[in-house]
Amino acid sequence: MTSAFVRCAAFGALAVLSVSVAPLSVASAADISGAGATFPYPIYAKWADAYKKETGTGLNYQSIGSGGGIKQIKAKTVTFGASDMPLKPEELEQAGLIQFPMIMGGVVPVVNLKGLKSGEVKLSGTVLANIYMGEITKWNDPQIKALNPDVNLPNTAIAPVYRSDGSGTNFLFTDYLSKTSPKFKTQIGANSSVQWPAGIGAKGNEGVANMVKQTDGSIGYVEYAYAKQNNITYVGLQNKDGKTVVPKIEAFQAAAANADWANSKGYYVILTDEPGADSWPITGASFILMYKNPQDVAVSAEALKFFDWAYKNGAKMATDLDYVPMPEAVVSLVQKTWSQSIQADGKPIWTASAK
Amino acid sequence: MTEIALTLTDAHASTARRARRQRLQDAAFRNATLFFALLVLFILGGVTVSLIDGALPALRAFGFGFVTTEVWNPVSEEFGALAPIYGTLITSVIAMAVGIPVSFGIALFITEMCPAWLKRPLGVAIELLAGIPSIIYGIWGLFVFAPFMQSTIQPFLIATLGQIPGIGNLFMGPPYGIGVLTAGLILGIMVLPFITSITRDVFETVPPMVRESAYGLGATTWEVVWNVVLPYTRTGVVGGVMLGLGRALGETMAVTFVIGNAHRISSSIMAPGTTISASIANEFTEAVGDVYTASLVALGLILFLITFTVLSIAKLMLLRLQRKAGV
């Protein structure tokens with residue numbers, strides 16, 4: 001009791017010092033409240049808006065980051081949490097939570113090289129890892145040249161730019177580099193923030209994009225939607241099958257289709273470096289976290305109705321915003337999980353017939 | 001006769017009543033203000049206790065090494081605060097080196113030499129600067145100031161100061177635009193209005209007679225400022241500088257945008273670095289795991305201690321100065 005109080009006060013004190021902790025506004029009884037990842041925020045907001053018009057039920061989503069979302073759902077202050085980093089099955093079990101993937105997206109390396117267009121420069125995971133570890137420092141390095149025999153690469157220094165704020169984007173990118181470069185895995189590893197040995201950190205997608213645009217010879221990584229909408233030069237990447245692909249919705253979908261959702265406990269699937277000739281190697285899903293035995297049964301049922309509606313009616317809105325909707329097969333798996341796992345008084349709070 | 005006596009005792013009684021009521025009011029007022037004053041101490045104590053409690057897991061895991069190591073690795077959960085501490089101090093030093101002379105210049109110009117018609121516009125401009133939210137400084141720094149640093153100032157510094165042996169180390173490396181120097185300069189701009197408006201206000205408290213006597217004795221403006229105005233306003237001036245320094249130490253958003261956010265200590269002030277508050281703001285939302293969160297709280301505790309130490313040193317300095325002056 002006292003330690004919980006003290007911890008609360010510690011957080012408050014931190015807020016006083018420098019952090020702005022996003023306040024969670026109290027939603028009205030009928031409204032669903034959620035908090036977490038910033039990456040899916042635009043699509044959740046768009047869905048919520050359309051859903052409110054159709055049903056009158058509102059959704060209040062606070063994009064405070066995946067870590068924040070996990071903390072909030074564990075503290076039971078929200079109906080659902082959202083995270084770009086799936087929780088391990090053991091951790092879900094321990095907290096009495098379930099998770100399911102809601103939407104997907106891709107992370108795209110972007111560059112600033114004069115005269116070179118999107119997709120002209122090709123890189124592999126190993127080379128990308130070496131760049132970010134500070135071992136490849138010039139664009140005309142033999143390792144890059146080997147992948148791009150026909151491209152005229154300049155003798156300029158490479159300025160690697162990374163996301164300084166902890167984020168799902170960081171997690172996907174470092175997870176991909178860890179899977180393709182054993183050295184990266186042992187020396188740096190995968191996480192929402194890591195210790196970068198080289199380069200400069202910029203805040204958010206906009207910070208990275210802006211830094212790359214400003215700095216000649218720089219390389220960074222942003223969410224696909226961000227690269228596309230801002231017209232930033234991206235690179236082609238070699239995937240697990242050794243084919244070079246460019247980022248596009250179909251390439252993300254190919255990665256998702258090749259993932260083994262059905263046999264992964266708790267949907268613990270990270271979509272990076274998936275096999276398949278067309279798969280984009282840095283693809284990721286954003287997850288929803290909910291209690292198996294929710295306290296607020298009515299609102300949790302409302303939330304599931306909303307997610308169901310979003311799966312069925314939200315695909316067009318998602319692709320408009322350059323997100324990738326979950327494939328049919330995954331949706332029906334998730335719906336089975338809902339009716340089997342989320343219960344109140346031993347009865348499921350959501351069934352496929354309930355509309 | 002009796003009637004008059006009666007009214008007199010009545011009056012007497014009502015005066016006594018009023019006096020009693022006033023005493024009660026006074027007591028209530030005194031206790032209320034005392035309560036508010038003590039509340040500050042209580043809150044401060046609460047902040048300290050909860051910061052220490054929140055930081056304990058980190059301090060237990062790393063001990064004193066927490067403040068002496070540079071490593072900051074969320075993957076292996078090894079944390080050391082040296083890089084953010086260094087960044088916090090160095091950006092504040094740059095901010096003060098830029099902010100103090102400029103602020104003094106502005107304040108002295110306004111109080112000593114400024115033509116009457118210019119006083120108001122200058123004053124309003126300074127207050128407007130103080131009113132700009134820090135995020136705006138950050139965005140301006142990122143989109144406008146950093147490209148200017150990158151294309152003009154940093155290449156110039158590399159070509160000139162960077163060639164001098166010794167201090168040249170401070171101006172080495174590629175011109176990224178953002179980095180410790182840029183953050184320090186933006187902090188310098190941000191603390192300007194605070195130091196300026198306070199020093200201006202205290203400069204204006206110098207009695208005109210004292211000033212005029214000095215001029216009457218044939219002193220130059222410089223001599224008046226140095227020998228009359230500054231000694232008279234020492235306490236207030238130091239207070240203003242401390243307020244600016246406090247802001248520079250704790251500033252978060254603007255710094256996060258332009259410092260480059262790298263947990264490294266570089267010899268060059270043009271290289272990316274990080275500060276305590278920038279690290280907390282960047283990583284707090286995604287910090288998963290007890291030791292990670294505790295390390296961020298421990299950073300907060302260190303910032304608290306730094307601010308406290310700086311303020312104490314300032315107070316001590318003032319006391320020493322006052323004793324020397326024989327006040």
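Not measured: the values here are computed from a predicted model.

1. Section: the overall build of chain B
Check the secondary structure of chain B and you find 11 helices and two strands. Its C-alpha atoms give chain B a radius of gyration of 27 Å, more than 25% over the compact-globule value 20 Å for 327 residues. Projected onto its principal axes, the C-alpha coordinates of chain B cover approximately 100 × 65 × 40 Å. Counting over 327 residues, chain B shows a buried share of 42%. Counted over contacts in chain B with a minimum sequence separation of 6, partners at least 24 positions apart contribute 74%. Between the averaged position of the 18 positive side-chain charges in chain B and that of its 17 negative side-chain charges there is a distance of 12 Å.

2. Looking at unusual backbone geometry
Its identity as a non-glycine residue notwithstanding, Asp273(A) has a phi of 55°, on the positive side. Position of Asp273(A) among the secondary structure elements: in the loop between α11 (249-257) and β11 (283-291). Residue class for Asp273(A) comes out buried when judged on its relative accessible area of 10%. Phi at Asn261(B) takes a positive value of approximately 45°, unusual for a residue other than glycine. Among the secondary structure elements, Asn261(B) is positioned in the loop between α9 (253-258) and α10 (276-283).

3. Brief notes about helix α14 (residues 328-341) of chain A
All names here are of chain A. Over its 14 residues, α14 extends 20 Å from the first C-alpha to the last, a length consistent with the 20 Å expected when each residue adds 1.5 Å. Three or more residues of α14 are buried, namely Val 330, Val 331, Val 334, Gln 335, Thr 337 and Trp 338. Axial view of α14: buried residues confined to an arc of 155°, hence all on one face. Across α14 from its buried face, at more than 90 degrees, point the exposed residues Glu 328, Ala 329 and Gln 340. Taken together, the buried residues of α14 touch β4 (97-111) and α12 (297-313).

4. Digging into the confidence of the model for chain B
Per-residue confidence for chain B averages 89 on the pLDDT scale, and 97% of its residues sit at or above 70. Two summary scores accompany this predicted model of the complex, namely pTM at 0.78 and ipTM at 0.73.

5. Some details on empty space enclosed by the protein
Summed over all chains, the structure comprises four cavities of 30 Å³ or more. Looking at the largest cavity, its volume works out to about 80 Å³. In this structure, the largest cavity is lined by Phe39(A), Asp84(A), Gly105(A), Gly106(A), Val107(A), Gly168(A), Thr169(A), Leu172(A), Glu223(A), Gly284(A) and Ala285(A). Computed from the structure, the second largest cavity encloses a volume of approximately 60 Å³. Looking at the second largest cavity, it is lined by 13 residues, and the ones nearest its centre are Tyr86(B), Val180(B), Ser266(B), Ser268(B) and Gly273(B). If you tally residues by element for the lining of the second largest cavity, the top one is helix α2 (residues 82-113) of chain B, at three residues. Partitioning the lining of the second largest cavity into residue classes produces seven nonpolar, five polar and one charged.

Reading guide: rules and limits
Residues numbered from 1 in each chain as written. Chains lettered and ligands numbered in written order. Predicted model: local features only at pLDDT ≥ 70, side-chain atom pairs only at ≥ 80, totals over all residues. Heavy atoms only, no water. Helix = DSSP H or I, 4+ residues; strand = E, 2+ residues; numbered from the N terminus. Rg over C-alpha atoms; globule rule 2.2 N^0.38 Å. Buried < 20%, exposed > 50% of the residue type's maximum accessible area, 1.4 Å probe, protein only. Contact = heavy atoms within 4.5 Å. Lys, Arg positive; Asp, Glu negative; His and termini not counted. Charge placed at Lys NZ, Arg CZ, Asp CG, Glu CD. Expected span 1.5 Å × (residues − 1). Arc of directions from axis to C-beta. pLDDT = per-residue confidence, 0-100. 1 Å grid on protein atoms, 1.4 Å probe; cavity = no way out; pocket = protein on both sides within 12 Å on 5 of 7 lines; lining within 4 Å. Points joined across faces, edges and corners; volume = space filled by probe spheres on them. Nonpolar A, V, L, I, M, F, W, Y, C, P; charged D, E, K, R; others polar.

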